[in-house]
Amino acid sequence: MGEEIEVIHSWSAPRSLSTSLMYSFAQRNDIEVLDEPLYANFLRVTGVDRPYKEELRSEMENDGNKVVKEVIFGAGVKKYRYCKHIAKQRVPGLTNELMKRGKHFIMIRNPLDILPSFEKVVPPSFLELGLAELVSVYSELSESGRPPPVIDAADLRKNPEATLRGLCEDLDIPFQDSMLRWEAGPKPFDGIWAPWWYKSVHKSTGFSPAKKYPMPFPTSLYDMLEQSLPFYNMLKRHARRSSSNYLNSTLPHPSLPVPANEKLLAWVGDEIVPRETAKVSVFDSIVQGGDGVWEGLRVYSGKVFKLEEHLDRMFDSAKALAFSNVPTREEVKEAIFRTLLRNGMFDNAHIRLTLTRGKKVTSGMSPSFNRYGCTLIVLAEWKPPVYDNEKGLMLVTATTRRNSPNNLDSKIHHNNLLNNILAKIEGNNAGADDAIMLDKDGYVSETNATNIFLVKKGRVVTPHADYCLPGITRATVMELVLKENLALEERRISLSEFHTADEVWTTGTMGELSPVVKIDGRIVGDGRVGPITLRLQNAYKNLSKDSGVPIPTYEKS
């Protein structure tokens with residue numbers, strides 16, 4: 001008489017290498033396998049047709065609950081029982097014991113690979129693929145506190161041993177080398193349907209690598225591919241990455257500066273979407289040529305600081321670049337407010353607002369290809385000031401010069417930031433917080449990311465905004481300087497004047513007003529935050545707290 005054994009449930013879509021995986025587990029000395037034990041019940045309940053329907057229903061148990069109780073969870077002679085399930089066979093009426101007992105895992109495969117081969121036997125459909133049911137299986141098990149391991153068939157083919165070792169670890173069973181190979185030919189535990197579906201796997205003796213170059217994808221299945229991919233991608237985000245199948249798989253999963261930003265909602269185009277699906281088209285101008293304009297805004301105490309000024313600059317930049325079909329000011333505001341409300345962001349948040357020329361009908365430089373209208377992106381994040389505004393910053397001077405208006409006018413707040421990025425790389429390589437950028441004549445323009453000020457003998461001085469962006473935070477601080485009855489001068493400034501300044505600070509929406517304590521190895525002043533800097537920091541803090549455009553409050557319908 002057999003004993004109760006532990007059941008391992010494998011859930012997958014058709015044509016997902018599930019049979020190969022069943023053969024792999026069958027090689028273990030502690031496992032017996034069952035090939036789709038719920039198939040006959042599936043045919044009985046759904047009435048779908050199969051070439052082997054009558055034979056299958058006459059030889060397999062048709063009562064799903066009886067199968068669960070007596071076959072799946074029946075007594076056995078080995079420690080484990082492996083059940084290969086196709087997700088769509090989990091039909092209504094089955095006892096919930098099926099999901100409550102045993103160890104479960106999910107195997108996924110890209111519909112791009114499944115669909116072409118699937119139609120060789122059965123006309124493919126979204127329901128036949130069963131990807132929605134796979135998501136349902138994952139969700140149900142997760143809600144019960146037992147999220148199932150997920151493996152990708154692409155990983156299994158790329159690195160079978162690593163993937164199987166990882167799966168065994170997740171299932172809390174020992175890995176056995178025997179799982180990596182099997183003899184060719186039919187198996188005694190194959191289902192009745194094997195002659196129709198298993199011809200290629202019968203020729204195999206292990207997990208074979210994917211072909212380097214795939215077959216053309218049938219355009220007739222394009223709509224079904226679009227329907228299926230979101231379900232595959234949702235599960236893929238939870239998959240164990242155990243091989244080099246991914247281009248960046250050698251990199252560790254990065255931690256976020258603010259963990260709460262992992263579950264953001266962003267506005268893209270005309271809708272709000274989760275962080276991982278917040279994407280623009282490969283035909284968008286921002287991808288094709290960095291063809292977009294942007295603004296950075298901050299949220300303080302339920303208000304968006306300097307919103308109107310930022311929108312003025314964004315629309316001016318879009319006009320300078322001859323954008324057409326630009327959203328209205330009210331539409332942009334509504335997108336900002338909706339995004340903040342959905343995220344519950346009312347303080348200590350930063351918004352990266354981007355407007356691209358939009359999607360093109362074909363790749364290329366010409367704006368004549370842009371016939372869809374602009375793309376609006378509202379990316380709101382929990383983000384405290386990015387610099388240390390108490391201890392101060394260290395700057396170095398970059399060799400990369402700031403753009404001249406002869407080349408690209410910096411008064412256009414565009415997304416083509418390579419000039420600044422090259423300077424930032426120099427700063428990073430020097431271990432500095434940022435890099436000072438000079439104009440073509442060698443005068444200080446700004447840093448790679450911010451405007452810059454100095455204090456000498458009580459006078460506040462800042463460079464002309466000829467080669468740099470006339471920042472909104474810059475203008476705000478200049479107003480505060482005058483309100484504090486300090487002398488303000490805007491002129492050309494040489495680098496040596498910054499080296500010998502009494503105080504230096506930078507300004508920008510992202511970092512607010514940030515003191516600088518060292519430039520090119522030279523200590524600024526006495527190396528501490530200066531009195532005028534502190535005075536203006538406090539004035540800025542009070543202004544940002546008390547002014548701004550209020551975020552509309554949530555209203556019940």
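All values reported here derive from a predicted model rather than from experimental measurement.

K.L.:
What exactly am I supposed to notice about the overall build of the chain here?
P.N.:
Tallying secondary structure elements over the chain gives 20 helices and 21 strands in all. Relative to the 2.2 N^0.38 estimate, which gives 24 Å for 557 residues, the radius of gyration of the chain is 31 Å and therefore markedly larger than a compact globule would have. Projected onto its principal axes, the C-alpha coordinates of the chain cover approximately 95 × 50 × 50 Å. Counting contacts in the chain only where the partners sit at least 6 residues apart, residues at least 24 apart contribute 73% of the total. As presented, the chain carries roughly 27200 Å² of accessible surface, and 52% of it is formed by carbon and sulfur atoms. Computed over 71 positive and 70 negative side-chain charges, the separation of the two mean positions in the chain equals 2 Å.

K.L.:
What is the right way to read the packing of aromatic side chains from this model?
P.N.:
A complete count under the given rule lists 14 aromatic pairs for this structure. Measuring from ring centre to ring centre gives 5.8 Å for tyrosine 23 and phenylalanine 189, while their planes differ by 75 degrees; the resulting arrangement is edge-to-face. Linking tyrosine 23 in helix H1 (residues 18-26) with phenylalanine 189 in the loop between helix H10 (160-171) and helix H11 (194-197), this pair joins segments that are 166 residues apart in sequence. Against the face of phenylalanine 73 rests arginine 101, its NZ or CZ located 4.1 Å from the ring centre.

K.L.:
For this particular structure, what's the right way to read the sheet that holds strand E6 (residues 265-268)?
P.N.:
Across a sheet, paired strands are connected by hydrogen bonds in the backbone, their directions being either parallel or antiparallel. An order of E7-E6-E11-E10-E8-E9-E21 is seen for the seven strands of this open sheet, with the pairing classed as antiparallel. The open sheet has two edge strands with one neighbour each: strand E7 (271-274) and strand E21 (549-550). Lying over the sheet, helix H16 (residues 329-343) contacts E6, E7, strand E8 (292-300), strand E9 (303-305), strand E10 (349-356), strand E11 (375-382) and E21, oriented at roughly 35 degrees with respect to E11.

K.L.:
Sorry if this is basic, but what is going on with the nonpolar core here?
P.N.:
Generally speaking, soluble globular proteins have nonpolar side chains that are buried together. Ranked by internal contacts, the top residues of the largest apolar core, which has 40 residues, are Leu21, Phe25, Leu56, Tyr82 and Trp193. With five residues, the single largest contributor to this core is H1. Once residues within four sequence positions are removed from consideration, tryptophan 193 is found in contact with Asp35, Glu36, Tyr39, Tyr52, Leu56, Met60 and Tyr198. Core analysis: the second largest hydrophobic core is formed by 32 residues, Val7, Ile72, Ile106 and Val150 among them.

K.L.:
When you look at a nonpolar patch on the surface in this model, what are you seeing that I'm missing?
P.N.:
A surface patch of nonpolar side chains, about 380 Å² in accessible area, is lined by Leu418, Ile421, Leu422 and Ile425. Within the element layout of this structure, leucine 422 appears in helix H17 (residues 418-429). In this structure leucine 422 comes out as partly exposed when scored by relative accessible area, which is 48%.

K.L.:
Is there a simple way to explain the confidence of the model for the chain in this structure?
P.N.:
One rule of thumb: low pLDDT means the predicted coordinates there are not for detailed reading. When pLDDT is averaged across the chain, the result is 93; 96% of the residues are at 70 or more. Here residues 243-248 scores under 50 on pLDDT; set against residues more than four positions off or in separate chains, the count is 14 contacts.

K.L.:
Got a minute to help me understand empty space enclosed by the protein in this structure?
P.N.:
One simple way to see leftover space: roll a probe sized like a water molecule over the atoms. In the structure shown here, the tally under the stated rule is one cavity of 30 Å³ or more. The computed volume of the largest cavity comes to approximately 40 Å³. Every residue lining the largest cavity is listed: Arg298, Phe305, Lys306, His310, Ile472, Thr473, Thr509 and Tyr540. Its residues placed into classes, the lining of the largest cavity shows three nonpolar, three polar and two charged.

K.L.:
Help me understand the environment of glycine 527, please; the structure alone is not making it clear to me.
P.N.:
With respect to the helices and strands, glycine 527 occurs in the loop between strand E20 (522-523) and helix H20 (531-546). Linking glycine 527 and proline 116, residues 411 residues apart in sequence, is a C-alpha distance of 67 Å.

K.L.:
Explanation requested: the side chain of lysine 383 in the structure shown.
P.N.:
Note on placement: lysine 383 falls in the loop between E11 and strand E12 (393-397). A polar atom in the side chain of lysine 383 sits 3.2 Å from the side chain of glutamate 381.

K.L.:
Where do I start with the environment of serine 363 in this structure?
P.N.:
By the element assignment, serine 363 lies in the loop between E10 and E11. Separated by 54 residues in sequence, serine 363 and leucine 417 have C-alpha atoms that sit 21 Å apart. Residues contacting serine 363, with those up to four places away along its chain left out, are Phe283, Gln288 and Phe369.

K.L.:
Any chance you could explain the state of the cysteines here in plain terms?
P.N.:
Linking two cysteines covalently through their sulfur atoms gives a disulfide. Taken as a whole, this structure holds zero disulfides when the rule is applied. Here cysteine 168 stays unpaired: no disulfide links it, and the sulfur of cysteine 83, its closest cysteine neighbor, is 16 Å away. On the basis of relative accessible area, cysteine 168 is assigned to the buried category, the value being 1%.

What counts, and where the lines are drawn
- Residues numbered from 1 in each chain as written.
- Predicted model: local features only at pLDDT ≥ 70, side-chain atom pairs only at ≥ 80, totals over all residues.
- Heavy atoms only, no water.
- Helix = DSSP H or I, 4+ residues; strand = E, 2+ residues; numbered from the N terminus.
- Rg over C-alpha atoms; globule rule 2.2 N^0.38 Å.
- Contact = heavy atoms within 4.5 Å.
- Areas by Shrake-Rupley, 256 points an atom, 1.4 Å probe, with all protein chains shown as cover.
- Lys, Arg positive; Asp, Glu negative; His and termini not counted.
- Charge placed at Lys NZ, Arg CZ, Asp CG, Glu CD.
- Phe/Tyr/Trp six-rings, centres within 6.5 Å; stacked < 30°, edge-to-face > 60°.
- Lys NZ or Arg CZ within 6 Å of the ring centre and 35° of its normal.
- Pairing = 2+ DSSP bridges.
- Axes fitted to C-alpha atoms, helices over the stretch in contact; angles between N-to-C directions.
- Core = buried A, V, L, I, M, F, W, Y, C linked by side-chain atoms within 4.5 Å.
- Buried < 20%, exposed > 50% of the residue type's maximum accessible area, 1.4 Å probe, protein only.
- Patch = residues over 30% accessible without salt bridge, like charges linked within 9 Å, V, L, I, M, F, W, Y side chains within 5 Å.
- Salt bridge = Lys/Arg side-chain N within 4 Å of Asp/Glu carboxyl O.
- pLDDT = per-residue confidence, 0-100.
- 1 Å grid on protein atoms, 1.4 Å probe; cavity = no way out; pocket = protein on both sides within 12 Å on 5 of 7 lines; lining within 4 Å.
- Points joined across faces, edges and corners; volume = space filled by probe spheres on them.
- Nonpolar A, V, L, I, M, F, W, Y, C, P; charged D, E, K, R; others polar.
- Polar contact = N/O pair within 3.5 Å; in protein donor to acceptor, adjacent residues only side chain to side chain.
- Disulfide = S-S within 2.5 Å.

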